[in-house]
Amino acid sequence: MNSESRRSYRKKLITNGLVYINNEEEEVFVINISMTGVLVQLSREIYSSDSASTFNDSLVSTIVDFYFPQLRLAGTAEVSRVNKDERHVTLALKFNDITYNIDSLLYKRRVYRKKIAVQGQLLVNDEYCNFYTINISVEGLMIRLAKTVTVTEGMTTSFELKDLGLKGEATIVWIDFDIDGNRLIGLKYINMDTDEIKGVPRFFTHHS
């Protein structure tokens with residue numbers, strides 16, 4: 001059995017989506033897809049300067065975010081190959097973390113939420129409490145508190161994520177518990193310049 005036959009079955013498609021590369025959202029066409037990865041081509045034509053500085057072999061092993069609305073897929077993937085000609089760039093992506101059926105409750109939001117686990121601090125009753133992020137978007141974040149404190153929906157608080165260089169004010173929009181009884185909190189930014197949030201795509205979506 002040759003390597004071509006051992007490779008996962010790839011289905012040819014005609015659909016589009018978005019890939020987040022170097023803090024920029026790039027529209028792409030999906031050429032084919034398998035259970036392990038996807039082959040995409042940048043929709044826009046490139047110039048030599050683009051190709052030299054951005055779309056080259058240095059992208060290999062880079063983790064990128066993707067969003068394919070018609071396929072109902074979103075998540076992260078590793079760039080395994082970069083091919084380019086005079087006008088176009090093709091990327092082979094190997095799935096890393098993937099969410100199927102983005103019409104489910106998790107993705108019935110206006111923007112994409114990226115799974116990021118970093119430590120931060122939340123100001124509650126004049127005391128800073130440690131937390132860990134579960135996911136982050138350009139509109140807010142979901143966290144798990146490391147300490148039991150009294151919080152209520154609608155409360156305004158301050159937060160800081162030193163590893164991401166991000167801090168500001170936020171409103172607690174919901175409170176819940178995971179299966180282990182840990183407190184989960186949804187925060188929405190207040191009067192914050194979302195351009196400060198680097199490494200998190202918007203992937204804006206419309207819901208009826």
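For the structure itself, consult the block above.
Residues numbered from 1 in each chain as written. Predicted model: local features only at pLDDT ≥ 70, side-chain atom pairs only at ≥ 80, totals over all residues. Heavy atoms only, no water.

Chemist: Help me understand the nonpolar core in this model?
Modeler: Side chains of a nonpolar character, in soluble globular proteins, are inclined to be buried together. Of all hydrophobic cores here, the largest spans 23 residues; its most connected members are Leu 141 and Phe 159. Of all the secondary structure elements, the ones that give two or more residues to this core are strand 8 (119-124), strand 9 (127-136), strand 10 (140-145), strand 11 (156-161), strand 12 (166-177) and strand 13 (183-190). Counting residues in hydrophobic clusters, the runner-up holds 22 residues, among them Phe 55, Phe 66, Leu 73 and Val 89. (Core = buried A, V, L, I, M, F, W, Y, C linked by side-chain atoms within 4.5 Å. Buried < 20%, exposed > 50% of the residue type's maximum accessible area, 1.4 Å probe, protein only. Helix = DSSP H or I, 4+ residues; strand = E, 2+ residues; numbered from the N terminus.)

Chemist: Whenever I open this one, the packing of aromatic side chains confuses me. Can you help?
Modeler: Any two aromatic rings considered together are summarised by their centre-to-centre distance and by the angle between their planes. Counted by the stated rule, this structure contains five aromatic pairs. Pairing Phe 66 with Phe 68 gives two aromatic rings, centres 5.1 Å apart and planes at 25°, and the pair type is stacked. The class for Phe 68 is buried, based on a relative accessible area of 0%. A network of ring pairs unites the aromatic residues Phe 66, Phe 68 and Phe 95 as a single cluster. (Phe/Tyr/Trp six-rings, centres within 6.5 Å; stacked < 30°, edge-to-face > 60°.)

Chemist: Before we go on, may I ask you to explain unusual backbone geometry in this structure?
Modeler: Excluding glycine, a negative phi dihedral is what most residues carry, and trans is how most peptide bonds are arranged. You will see that Asn 125, though not glycine, has its phi angle at about 50°, which is positive. Here Asn 125 lies in the loop between strand 8 and strand 9. Residue class for Asn 125 comes out exposed when judged on its relative accessible area of 60%.

Chemist: Sorry if this is basic, but what is going on with the pairing of strand 8 here?
Modeler: Walk down a regular strand and you will see the side chains alternate between the two sheet faces. Across the two faces of strand 8 the burial differs, with Gly 120, Leu 122 and Val 124 buried and Gln 119, Gln 121 and Leu 123 not buried at all. With six bridges joining them, strand 8 and strand 9 adopt antiparallel strand pairing. Pairing of Leu 122 across the sheet is with Cys 129, part of strand 9. Bridge count between strand 8 and strand 11: two bridges; the pairing is antiparallel. Opposite Gln 121, over in strand 11, you have Glu 160 as the bridge partner. (Pairing = 2+ DSSP bridges.)

Chemist: Explain the pattern of salt bridges to me, please; I cannot follow it from the model alone.
Modeler: Pairing of side chains with opposite charge becomes possible as their charged atoms draw close. On inspection of all chains with the given rule, the structure shows five salt bridges. A salt bridge links Lys 114 to Asp 65; the shortest N-O distance between them is 2.9 Å. Of this pair, Lys 114 sits in strand 7 (residues 114-115) while Asp 65 sits in strand 4 (residues 63-68), and the two are 49 residues apart along the sequence. (Salt bridge = Lys/Arg side-chain N within 4 Å of Asp/Glu carboxyl O.)

Chemist: Looking at this model, I keep getting lost on the environment of Ile 46. Mind explaining?
Modeler: Within the secondary structure, Ile 46 is located in the loop between strand 3 (37-42) and helix 2 (48-53). Taking the C-alpha atoms as reference points, Ile 46 and Asp 85, separated by 39 residues in sequence, lie 9.2 Å from one another.

Chemist: Where do I start with the environment of Asn 22 in this structure?
Modeler: Among the structural elements, Asn 22 can be located in the loop between strand 1 (11-21) and strand 2 (24-33). Taking the C-alpha atoms as reference points, Asn 22 and Lys 198, separated by 176 residues in sequence, lie 9.5 Å from one another. Residues contacting Asn 22, with those up to four places away along its chain left out, are Thr 54 and Leu 59. (Contact = heavy atoms within 4.5 Å.)

Chemist: Would you mind going over the pairing of strand 2 with me for this structure?
Modeler: Sheet topology places strand 2 next to strand 3; five bridges connect them, and they run antiparallel. Bridging across to strand 3, Asn 32 finds its partner in Leu 39. Turn length for the strand 2-strand 3 hairpin, with the two strands adjacent in sequence and antiparallel, is three residues.

In short, geometric facts, not functional conclusions.
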